[in-house]
Amino acid sequence: MTSALIALPIAAPMLAAGGVVAVGGRYRQVCRWVVLGVSAAVLVIAGVMIARTADGSVHAVQVGDWGPGISIAFAIDMFSALMLAVSSLLVLVCYSFAVSAGDDEAEPLFGPLVLILSAGVYGTFITADLFNLFVLIEVMLLPSYALLIMAGSRAKLAAGRIYLLVNLLASTIFLAGLAMLYGSAGTLNLGVLAGAAAENPTIAAAGAVILVAMAAKAAMVPMHGWLPRTYPEASPAVTALFSGLLTKTGAYVIIRVYSVMYEGDQRYVWVIMTGAILTMVIGVLAAVGQDTLRSILAFDMVSQIGYVLLGLALATHAGLAATVFFLVQYAAVKAALLLCAGAVETAYGTGRLSLLGGLGGREKLLAAAYAVAALSLAGLPPMSGFVAKLGLIRAAVLDEQYFPAAMAVIVSLLTLLPLLKIWTGAFAGALPSPLPDTARTRAGLVAPAVVLGVVTIALGIGAQPLLAAAETAADVLSNPTIWAEAVLRG
Amino acid sequence: MTAALTVGILVTGGVYLMLQRELLRATFGFVLLGHAVNVLFVTSGGLERRSPALLGSNSPEVAADPLPQAFVLTAIVITFGVTVYLFALMRAEGLHRKHHGEGPEGEGPDTPDDLDSLAAERAGRPESSSTEPATGPRDGIDLPPNSPVAADATGTGTKDDVTTSTTDRPTPGAPAPRAKGDGEGAR
């Protein structure tokens, strides 16, 4: 039963995608419900798995009945289950937005592409084999190439080109790292590799190649340049989907590999720490200089990845717990912001701040959703971002790392700057020119952002369950032998 | 040693091609780089043992490690798929350029965000109306669509054009139709 539940998040979307393509355009409405239904089912599965892993256990399945260590293993612990839950929620929300915005009419294959993309993302969270991870990341990337340049304008094609080349290069480096790892360790099963990099410097060097490739995918400074140049060019729903799923996948893999293979080795954390702080600072400063909604948010995305890695770089139990909490809530918050921006762009035809203004009075609900998400991102109570950042700063202070703690506070304040820029540019002030009364966001465009806004308030006021879950996830992450034993036992 | 040299040479060629402006060359760069990684992977399984890995006919001591071979096979398939996609992207860019470069106004702003590139295009148009192709091969990728930079591109454009037409010719292999299509767009 459990093994079926573990395999379903990958299998179900893949099968559904094939089915949707097969029946094609004739039953569009049915296809929409299939996409939503499958994503909802994965959300339910994730919920069940969260309940089952709440005791700190790890559930694994050996595909194809090969012996443990030889077969391709899938494993779910609390961290995977949480990521599974938040990403399936984001697929649901972003797909609903895309349907309202008319993306799936512009591109008949939109639904199947989203399904395959989500299958790759879910798979990345639950695989326990590094080569399988590579394949699943490719499964995730291939539809993303198509989604990015969907209904391609010239700018989209240029962006698609950068995106494709950067990700292809990162994948190739990742593969080279896997080859070196296989050459030095003789296996790519993450369960067998547990702790290997902490003992053997050769394996650690091979692992570093993998981590660098993943850092490029997660848009960590100095490998962040591609993200702000490509994400804002995609359609709004796709940007939100990518931000919620793709970069988070890179961060997830870094956290998983570093905690399992390196056992959170203190000798190398300074590299991650330096990268994390640079990412935080450079991202937020660059965001201030942008002038369209989504390019501001894209640079801000870079900045927040720094926070995610900050907790990992502390390499303490509290740091890992804070990182897990941050990653889960942040994915939802960021998607909410991007969906607000997307709603404005879809209804008013532009995301350029100089052409917008005064939407606060016109779009009260949207403005409220934006305000909630923005304040949450900046880390103000009672939103979830406050709990997350408080956790990170507390973990840094507990570890007596005062400089990172100070940077986290400063960058948190600086985060308000680009978000305020959007507020004053788009929502406050007067309308730049009389708009036709028809230009107004529809309920279908606002509802997704509102749902995520409610999620962030709920996670902020009722933070205790997620905090407990993050603690459980950190228990497993900081003690990878539990995870490795489960993977090898099957 | 041979394998190490092979990987080194392939990576050198791959990186060199990848740093080129044209998507076609960059694609070939990735093909080479992909081959380099494949050789690296095969090497990681050990090159001394080469017998087929069949139980009963060969002892495990002399049998080759089948796992890297399976990995490489998967990687080849994925690289192939992405390469084809890159060629398709190239074709799309060529068509797009042809479409928008030859229209009466030649603009059709796709989104209001394109205003910048549109302005750049307009700025470049008057002087290049006779030598229209000069702006054709301009790469959207390396030039942010700001008017000053794009205006410069009209100067360098002609040079670009020459290299495009000469380098597209010596690659009459599989991607020939795409290269031709690309050339047409740039013509």
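The structure presented is a predicted model; accordingly, all values stated were derived computationally and were not measured. (Residues numbered from 1 in each chain as written. Chains lettered and ligands numbered in written order. Predicted model: local features only at pLDDT ≥ 70, side-chain atom pairs only at ≥ 80, totals over all residues. Heavy atoms only, no water.)

(A) Up close: helix α16 (residues 364-378) of chain A. All names here are of chain A. Compared with an ideal rise of 1.5 Å per residue, which puts 15 residues at 21 Å, α16 spans 21 Å between its outermost C-alpha atoms and is within 8% of the ideal. Considered for burial, the residues of α16 that qualify are Leu 366, Ala 367, Ala 369, Tyr 370, Val 372, Ala 373, Ala 374, Ser 376, Leu 377 and Ala 378. For α16, the elements touching its buried residues are α13 (293-314), α14 (317-348), α15 (359-362), α17 (384-398), α18 (402-427) and α19 (443-461). Remark: Gly 379 follows α16 within two positions and exhibits a positive phi of approximately 90°. (Helix = DSSP H or I, 4+ residues; strand = E, 2+ residues; numbered from the N terminus. Expected span 1.5 Å × (residues − 1). Buried < 20%, exposed > 50% of the residue type's maximum accessible area, 1.4 Å probe, protein only. Contact = heavy atoms within 4.5 Å.)

(B) Molecular detail of the side chain of A:Ser259. Residues and elements named next belong to chain A. Residue placement: Ser 259 occurs in helix α11 (residues 236-260). Since its relative accessible area comes to 3%, Ser 259 is described here as buried. Here Arg 256 takes part through its backbone oxygen, which lies 3.2 Å from a polar atom of the side chain of Ser 259. Aside from chain neighbours lying at most four places away, what touches Ser 259 is Gly 264, Leu 477 and Pro 480. (Polar contact = N/O pair within 3.5 Å; in protein donor to acceptor, adjacent residues only side chain to side chain.)

(C) Helix α20 (residues 464-478) of chain A, seen in detail. All names here are of chain A. Between its first and last C-alpha atoms α20 spans 21 Å; for 15 residues at 1.5 Å apiece the expected length is 21 Å, and the two agree. For α20, the complete set of buried residues consists of Leu 466, Ala 469, Ala 470, Thr 472, Ala 473, Ala 474, Val 476 and Leu 477. The elements touched by buried residues of α20 are α3 (78-101), α11, α14, α19 and α21 (480-489).

(D) Expanded view of the nonpolar core. A:Leu130, A:Leu178, A:Met261 and B:Phe41 are the most contacted members of the largest nonpolar core, which totals 211 residues. Of all the elements, α14(A) adds the most residues to this core, at 22 residues. Apart from the residues lying within four places of it in its own chain, the contact partners of B:Phe41 are A:Phe131, A:Leu175, A:Leu178, A:Ala179, A:Tyr182, A:Leu188, B:Pro68, B:Phe71 and B:Val72. (Core = buried A, V, L, I, M, F, W, Y, C linked by side-chain atoms within 4.5 Å.)

(E) Inspection of a nonpolar patch on the surface at higher detail. Residues and elements named next belong to chain A. Among the surface-exposed residues, Val 23, Tyr 27 and Val 30 lie close enough to one another that they form a single nonpolar patch of about 260 Å² accessible area. Among the secondary structure elements, Tyr 27 is positioned in the loop between α1 (2-23) and α2 (28-52). With relative accessibility at 43%, the residue Tyr 27 sits in the partly exposed group. (Patch = residues over 30% accessible without salt bridge, like charges linked within 9 Å, V, L, I, M, F, W, Y side chains within 5 Å. Areas by Shrake-Rupley, 256 points an atom, 1.4 Å probe, with all protein chains shown as cover. Salt bridge = Lys/Arg side-chain N within 4 Å of Asp/Glu carboxyl O.)

(F) Seen up close, the UniProt feature "transmembrane region" (unreviewed entry) in chain B. Taken from the UniProt record, the annotation "transmembrane region" (unreviewed entry) applies to residues 26-47 and 67-88 of chain B. This span, residues 26-47 of chain B, is 86% helix and 0% strand, and a straight line between its end C-alpha atoms measures 30 Å. (UniProt positions renumbered as here; feature names shortened; annotations may be inferred.)

(G) Looking closely at the packing of α14(A) against α19(A). All names here are of chain A. Interhelical geometry of α14 versus α19 gives an angle of 155° and a closest axis separation of 8 Å. Taken as axis vectors, α14 and α19 run roughly antiparallel relative to one another. Judged by the twist between their axes, the crossing of α14 over α19 is left-handed. Mapping the contact onto sequence places Phe 325, Gln 329, Ala 332, Val 333, Ala 335, Ala 336, Leu 339, Cys 340, Ala 343 and Thr 346 in α14 and Leu 445, Pro 448, Ala 449, Leu 452, Gly 453, Val 455, Thr 456 and Leu 459 in α19. Of the residues contributing to the contact of α14 with α19, the split by class is 14 nonpolar, four polar and no charged. (Axes fitted to C-alpha atoms, helices over the stretch in contact; angles between N-to-C directions. Parallel < 35°, antiparallel > 145°, perpendicular 65-115°, else oblique. Left-handed = near helix turned anticlockwise from the far one by under 90°. Nonpolar A, V, L, I, M, F, W, Y, C, P; charged D, E, K, R; others polar.)

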